[in-house]
Amino acid sequence: MVHQPAEQHAHREAPSDAPSAKWWQLAFGVLCMAMIANLQYGWTLFVDPIDAQHQWGRTAIQFAFTIFVATETWLVPIETWFVDRYGPSIVVGFGGVMIALSWTLNAYADSLFLLYAAAVIGGIGAGSVYGTCVGNALKWFPDRRGLAAGATAAGFGAGAAITVIPIANMIAASGYQKAFLVFGLGQGAVVLLLSFLLRKPSVAVPIRRKNLRLPQTKIDRSPKEAVRTPVFWTMYAMFVMVASGGLMAAAQIAPIAHDFKVADVPMSLFGLQMAALTLAISLDRIFDGFGRPFFGWVSDNIGRENTMFIAFVIAATACILLLGYGRNPIVFVLCTAMYFGVFGEIYSLFPATCGDTFGSKYAASNAGLLYTAKGTAAFLVPFASVLSASYGWSAVFGLIIGLNILAAALAVFVLKPMRRRYLASEAEIAEAAEARSVKLA
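The rules behind each value
Residues numbered from 1 in each chain as written. Predicted model: local features only at pLDDT ≥ 70, side-chain atom pairs only at ≥ 80, totals over all residues. Heavy atoms only, no water. Patch = residues over 30% accessible without salt bridge, like charges linked within 9 Å, V, L, I, M, F, W, Y side chains within 5 Å. Areas by Shrake-Rupley, 256 points an atom, 1.4 Å probe, with all protein chains shown as cover. Salt bridge = Lys/Arg side-chain N within 4 Å of Asp/Glu carboxyl O. Helix = DSSP H or I, 4+ residues; strand = E, 2+ residues; numbered from the N terminus. Buried < 20%, exposed > 50% of the residue type's maximum accessible area, 1.4 Å probe, protein only. Expected span 1.5 Å × (residues − 1). Arc of directions from axis to C-beta. Contact = heavy atoms within 4.5 Å. Polar contact = N/O pair within 3.5 Å; in protein donor to acceptor, adjacent residues only side chain to side chain. Phe/Tyr/Trp six-rings, centres within 6.5 Å; stacked < 30°, edge-to-face > 60°. Lys NZ or Arg CZ within 6 Å of the ring centre and 35° of its normal.

This brings us to a nonpolar patch on the surface. A cluster of nonpolar side chains, Leu 75, Ile 78, Trp 81, Phe 82, Tyr 86 and Ile 90, forms an exposed patch at the surface whose accessible area comes to about 630 Å². When residues in the nonpolar patch are grouped by element, the largest group, 4 residues, is from helix α5 (residues 76–86). The residue Trp 81 is located in helix α5 in this model. The partly exposed category is assigned to Trp 81, whose relative accessible area is 38%.

Once that is clear, we can look at helix α9 (residues 161–174). Compared with the 20 Å implied by 1.5 Å per residue over 14 residues, the 20 Å span of α9 between its first and last C-alpha is a close match. Of all the positions in α9, only Ala 161, Thr 163, Val 164, Ile 167 and Ile 171 are classed as buried. Angularly, the buried residues of α9 cover 120° about the axis, an arc narrow enough to put them on a single face. Opposite the packed face of α9, turned more than 90 degrees from it, sit the exposed residues Ile 162, Ala 172 and Ala 173. On its buried side, α9 packs onto α2 (21–41), α3 (44–54), α6 (88–108), α8 (145–158), α10 (176–195) and α13 (276–302). Positioned one or two residues after α9, Gly 175 has a phi angle of 100°, which is positive.

Below, the discussion takes up the side chain of Thr 44. Here Thr 44 shows up in helix α3. With relative accessibility at 3%, the residue Thr 44 sits in the buried group. Within the local environment of Thr 44, its side chain forms a polar contact with the backbone nitrogen of Ala 254, the two atoms lying 3.3 Å apart. Those residues within four positions of Thr 44 in sequence are excluded, and the remaining contacts are Ala 250, Ala 251, Ile 253, Ala 254, Pro 255 and Ile 281.

Attention now moves to the environment of Phe 332. Among the structural elements, Phe 332 can be located in helix α15 (residues 329–343). Classification of Phe 332 as buried rests on a relative accessible area of 2%. For Phe 332 and Ala 257, which are 75 residues apart along the polypeptide, the C-alpha to C-alpha distance reads 8.1 Å. Apart from the residues lying within four places of it in its own chain, the contact partners of Phe 332 are Ile 253, Ile 256, Ala 257, Phe 260, Val 262, Ala 280, Leu 322 and Gly 326.

So, on to the packing of aromatic side chains. By the definition in use, this model includes 29 aromatic pairs. On the numbers, 5.9 Å between centres and 85° between planes, the contact of Tyr 176 with Phe 180 is edge-to-face. Residue Tyr 176 and its partner Phe 180 are both found in helix α10; the two are separated by 4 residues, about one turn of the helix. Given the relative accessible area of 0%, Phe 180 is considered buried. Aromatic pair Phe 232 and Tyr 236: ring centres 6.2 Å apart, planes at 35°, arrangement tilted. Taken together, the positions of Phe 232 and Tyr 236, both in helix α12 (residues 230–259) and 4 residues apart, correspond to about one turn of that helix. The class of Phe 232 is buried, set by a relative accessible area of 1%. An aromatic cluster is defined as three or more aromatic residues linked by ring pairs; in this entry it consists of Tyr 130, Phe 156, Phe 239, Tyr 339, Phe 340, Phe 343, Tyr 347, Phe 350 and Tyr 371. A cation over an aromatic ring shows up here: Arg 327 above the ring of Phe 260, its NZ or CZ 4.1 Å from the ring centre. Stacked on the ring of Tyr 130, the Lys or Arg Lys 374 has its end atom at 5.7 Å from the ring centre.

Written out as structure tokens, the structure is:
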């Protein structure tokens, strides 16, 4: 009886959230992610127009993309540190301002220095939004981390799908500068408004079911503890391998299409009529967006590593087909869609696997730390330009194929048994702690 008033008071201070709250938070996160998608996936449309205007060269212009991705990812641990302590709203609002400023600067950049400065600002903004929304989804959905992270990442993967054609048309009609300005300010404003609606759960959401295919830790590990484990660095290495190929493809798809002589070939597919390159980019975003929650859902049912293996093998197969038959516009469009349909799953599977392994309390920070692997992978993007200039696109595709096959093997033969051993040891620690608490009670 002595403890009852205190318990009731605690309950009033931390009420449970409404059942619909988590779905609203997921929806807000998806929309925010859609608004930053063009910073990465729309970039390829601007490369050749910028080069035509300033003659800086593809390699120099693509270095801005590398700077953007590196800044977007490597600062996420700092941004998610603020999220775990102060909530998502303020961090996402800051991100909205930064992405608007970034594309505004791109519109007026008359030197590589300004182009690179805009990339840094855009990277900070996009990372603030990305790391926050994925981490927040992991906290709201501990039982469905794969689906939640996948749906959130789908906003980033598919968000550019509906704007690719308007951006391409505006670049053609009014110049790339106006496209940067109009879409930059619009996207930033939407993110800023949505930031006022985002929040973390009022109380920690408990795991209500146990799936033997999804072993989960009972112990929350901080980023400092997570980076001391071989499991973390194995996931990090695999993330770099697969992300590097996808970033190369995302940044270079327009130059590849032009060099394959398929970019401007008119096509009619799935009721859509447009140039092969525009159609390819549109379908890539749609398939990428669909693949992220789909493979997240698959991983919730058959296991993370098994799903990784399937996706990485399909990605390698798509690149083999592109290498052999990609100069056919139909093959180019369908195989790039196939590739991106399985590439984007890394942005749902790795955060979900990280949450399963290191717990929910520091989910945003740990996932953000793992996400820096994308920044490491970004430094291979300019290398792809150099490699293609020296040895042709076959060398680039060969590299992507090899990295995906290696990552697939690591998933089932290294990461899976390693995580099983790690979680078994964590379970022993948790049981020992529970036994000690019972004795003390």
